[in-house]
Amino acid sequence: QVRLVESGGGLVQPGGSLRLSCAASGFIFSNYVMYWHRQAPGKERVVVARILASGATTNYADSVKGRFTISRDNTENTVYLQMNNLKPEDTAVYYCAAGIHPTIWRSDYWGQGTQVAVSS
């Protein structure tokens, strides 16, 4: 059974930091591209960051470049999203996802999401 379990969300003040984690099981984690998506209230779900299976290549949405860092530990089957200098517009539900294709941006497995709220 495939499972993706996110943790680390919460309420933080603007300028603060959070580290999201996503623990994966039920599939060969080291073969999959891992994504972090987010969905803000009333908006579509969008890709925030992506990391290829080896961890050597990462991609970021323009809105988070320089503030967010995606990383993975293939020995622990875990992907992380370090979020620094958070802004109110980063408020969203953050979803971890996995996709098998290295060049097609498609997620095959999804987590349940973790809420991030940025507010003073």
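Before any of the text, the structure's been laid out above.
Thresholds applied
- Residues numbered from 1 in each chain as written.
- Predicted model: local features only at pLDDT ≥ 70, side-chain atom pairs only at ≥ 80, totals over all residues.
- Heavy atoms only, no water.
- Helix = DSSP H or I, 4+ residues; strand = E, 2+ residues; numbered from the N terminus.
- Rg over C-alpha atoms; globule rule 2.2 N^0.38 Å.
- Contact = heavy atoms within 4.5 Å.
- Areas by Shrake-Rupley, 256 points an atom, 1.4 Å probe, with all protein chains shown as cover.
- Phe/Tyr/Trp six-rings, centres within 6.5 Å; stacked < 30°, edge-to-face > 60°.
- Lys NZ or Arg CZ within 6 Å of the ring centre and 35° of its normal.
- Salt bridge = Lys/Arg side-chain N within 4 Å of Asp/Glu carboxyl O.
- Buried < 20%, exposed > 50% of the residue type's maximum accessible area, 1.4 Å probe, protein only.
- Disulfide = S-S within 2.5 Å.
- Pairing = 2+ DSSP bridges.
- Axes fitted to C-alpha atoms, helices over the stretch in contact; angles between N-to-C directions.

Moving on to the overall build of the chain. The helix and strand tally for the chain stands at zero helices and eleven strands. For the chain, the sequential pattern of α-helices and β-strands runs β-β-β-β-β-β-β-β-β-β-β. Whereas a compact globule of 120 residues would reach a radius of gyration of roughly 14 Å, the chain reaches 13 Å, a difference of no more than 12%. Looking at the chain alone, contacts between residues at least 24 apart form 56% of all its contacts between residues at least 6 apart. Only carbon and sulfur atoms are counted for the fraction: they give 47% of the accessible area of the chain, which is about 6200 Å².

Bringing the packing of aromatic side chains into the picture now. The full count for this structure, using the stated rule, is six aromatic pairs. Here the aromatic residues Phe27, Phe29, Tyr32 and Tyr109 are joined through ring pairs into a cluster of three or more. Stacked on the ring of Tyr80, the Lys or Arg Arg19 has its end atom at 4.0 Å from the ring centre. Just above the ring of Tyr95 sits the side chain of Arg45; from NZ or CZ to the centre is 3.9 Å.

So, on to the pattern of salt bridges. Taken as a whole and judged by the stated rule, the model has four salt bridges. The residue Lys65 makes a salt bridge to Asp62 at a minimum N-O spacing of 3.1 Å. Residue classification places Asp62 among the exposed positions, given a relative accessible area of 65%. Of the charged contacts, one joins Arg67 and Asp90 as a salt bridge, the two residues approaching to 2.7 Å between their closest N and O atoms. Pair noted here: Arg67 is in the loop between strand E6 (58-60) and strand E7 (68-73) and Asp90 is in the loop between strand E8 (78-83) and strand E9 (92-99), with a separation of 23 residues, a long-range link.

Our focus in this paragraph is the state of the cysteines. With the rule as written, the count across this model stands at one disulfide. Between the sulfur of Cys22 and that of Cys96 lies a disulfide, 2.1 Å long from S to S. Here the S-S torsion is close to -75°, and the disulfide linking Cys22 with Cys96 is therefore left-handed. Here Cys22, found in strand E3 (residues 18-25), pairs with Cys96, found in strand E9; they are 74 residues apart in sequence, far enough to count as distant. As far as burial versus exposure is concerned, Cys22 and Cys96 are alike and both buried.

Side chains Leu4 and Glu6 of strand E1 (residues 3-7) all project onto a buried face; the interleaved residues Arg3, Val5 and Ser7 project onto a face where none is buried. Pairing of E1 with E3, which is carried by five bridges, proceeds in the antiparallel orientation. Across the sheet, the residue bridging to Arg3 is Ser25, located in E3.

Judged by pairing direction, the sheet is antiparallel, and its four strands sit side by side in the order E1-E3-E8-E7 without closing on themselves. Two strands in the sheet have a free side with no partner beyond their single neighbour: E1 and E7. The average angle at which neighbouring strand axes cross in this sheet is 15°, direction not considered.

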